[in-house]
Amino acid sequence: MISTLKKIGPGIIFAGASIGVSHLVQSTRAGADFGLGLIWALLLINLFKYPFFQYGARYAAATGESLLDGYNKLGKGVLLIYYLITLATMFTIQMAVTIVTAGLASSLFGDFVSIKTWTVIIIAICLILLIVGKYKLLDNLMKIIVFILSISTLSAVFIALQNNSQTISFAQILPKNSMEIAFLIAFMGWMPSPLDISVIHSLWVVEKRKTTKNFKPKSAILDFNIGFITTIVLGVAFVFLGTLIMYKSGESFSNSAGEFSSQLISMYTQNLGNWAYFVIAIAAFTTMFSTALTTLDASPRTMARTTQLLFKNHSYFGYAFWITLLSIGTIFIFFFFASEMGLLIKIATILSFLTAPFFAIINYRLICSKHTPKKWHPSIKMHVLSWLGILFLIGFSIWYLTTL
């Protein structure tokens, strides 16, 4: 049992990074606006994204190198496209997760300082933790956070179901107008997380291999599956909470970070009771804080490695450079867009969805190539699911672009 727990790590960090905006914000909003009508979208996107996330863990555990090294073997052009996509999206993504975290901090610790100040504080704390604690901190901290969130969320759903007197409809809905379609794309864009998380996940697996004996591909895939299933279960749970508390209530979620966070915590306490306020508030805050922490680690870690592979000379553009640039850039840009949390999240999630086909195709190409040991190539079932996933992601992106 203990040896098994020691092998669990990157998958739980993946869950900690994923269970953030996509769950606390988008899933609860989906339940509030559509009831259980978008469960189909949640399950479908998880199914079709699964192979491409799993290939990150599979490739890293089988070869001992990250997806970035694999992309480089596929051609410098592939790596350069990844570099440009990450550079274009990393600030928006960091803003989206940090502003929600700041709103929760304001609700939990008090609004004696502004959301902008909380944002600076959170970025600074994350920066210090990552420089001092590095991967080991993420590995240990995420296991605790994900456990706390899982227990508190599932308890809230159970009690909400017990208190519910209305009939729950499982009728599924296909959004029709442009606003509803834009939300659907945003909802699916970060569910359970953007596909580029597979890249940083592969780097986390490489780190895990350095500290854990016998962390082989089977262990890496099992570890990933545990984290992935956790994100699905909690995604459905948050849709239920949004449905049970907000659907047809006449209320709607605010686009203000502070107000949204208060609504979110109230949604829990209405069901669990006021005694649970701090437990739930801390669980929600630590969840978003873990996402802010992991995303602040992810982009700099991948950009540093990409810079090294592309330009060889990385002495001035290593991890420290990129994490400093991301921290300062996020704060600078945020100060101009702080009032539009909803818009920031929508932009980040839509960008993630539109770039998903690229990551799906190159991850699939890499895992099927000569660069991956034959033993760890996908099975027939995974091949079929990969083809369907790529077609789905491309088709859905085209559908969205034609509705603009």
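Structural notes, computed from the coordinates. (Residues numbered from 1 in each chain as written. Predicted model: local features only at pLDDT ≥ 70, side-chain atom pairs only at ≥ 80, totals over all residues. Heavy atoms only, no water.)

Overview of the overall build of the protein chain
Stage number 1. Helix and strand content of the protein chain: 15 helices and zero strands.
Stage number 2. Taken across its 404 residues, the protein chain has 60% of its residues classed as buried.
Stage number 3. Across the protein chain, every contact between residues at least 6 apart in sequence was considered, and the portion connecting residues at least 24 apart equals 87%.
Stage number 4. Taken as a whole, the protein chain presents about 16600 Å² of accessible surface, with 68% of it coming from carbon and sulfur. (Helix = DSSP H or I, 4+ residues; strand = E, 2+ residues; numbered from the N terminus. Buried < 20%, exposed > 50% of the residue type's maximum accessible area, 1.4 Å probe, protein only. Contact = heavy atoms within 4.5 Å. Areas by Shrake-Rupley, 256 points an atom, 1.4 Å probe, with all protein chains shown as cover.)

A look at a nonpolar patch on the surface
Stage number 1. The grouping of Val120, Phe332, Phe335 and Phe336 at the surface amounts to a nonpolar patch, some 420 Å² of accessible area in total.
Stage number 2. Per-element tally for the nonpolar patch: the top contributor is helix 13 (residues 319-337), with three residues.
Stage number 3. Mapped onto the elements of the fold, Phe332 is located in helix 13. (Patch = residues over 30% accessible without salt bridge, like charges linked within 9 Å, V, L, I, M, F, W, Y side chains within 5 Å. Salt bridge = Lys/Arg side-chain N within 4 Å of Asp/Glu carboxyl O.)

Quick word on helix 4 (residues 39-63)
Stage number 1. The end-to-end C-alpha separation of helix 4 is 36 Å, in line with the 36 Å expected for 25 residues at 1.5 Å each.
Stage number 2. The element helix 4 is extensively covered by neighbouring structure, given that 19 of its 25 residues are classed as buried.
Stage number 3. Among the residues trailing helix 4, Gly64 stands out with phi positive, at a value near 80 degrees. (Expected span 1.5 Å × (residues − 1).)

Looking at helix 5 (residues 67-74)
Stage number 1. The element helix 5 is largely enclosed, with a buried count of seven among its eight residues.
Stage number 2. Those residues of helix 5 that sit buried are Leu67, Leu68, Asp69, Gly70, Tyr71, Asn72 and Leu74.
Stage number 3. Once helix 5 finishes, Gly75 follows within two positions and takes phi at roughly 140 degrees, a positive value.

Considering the packing of helix 8 (residues 178-189) against helix 15 (residues 380-402)
Stage number 1. It is the contact of helix 8 with helix 15, at a shortest axis distance of 10 Å, that shows an interaxial angle of 150 degrees. Relative to helix 15, the element helix 8 lies roughly antiparallel. Crossing of helix 8 against helix 15: the hand is left-handed. On the side of helix 8, the interface is formed by Ile181, Ala182, Leu184, Ile185 and Met188, while helix 15 contributes Phe392, Phe396, Trp399 and Tyr400.
Stage number 2. Classifying every residue of the contact of helix 8 with helix 15 gives nine nonpolar, no polar and no charged. (Axes fitted to C-alpha atoms, helices over the stretch in contact; angles between N-to-C directions. Parallel < 35°, antiparallel > 145°, perpendicular 65-115°, else oblique. Left-handed = near helix turned anticlockwise from the far one by under 90°. Nonpolar A, V, L, I, M, F, W, Y, C, P; charged D, E, K, R; others polar.)

Considerations on the environment of Ile226
Stage number 1. Its location among the elements puts Ile226 in helix 10 (residues 217-246).
Stage number 2. Placed 211 residues apart in sequence, Ile226 and Ala15 show a C-alpha to C-alpha distance of 8.7 Å.

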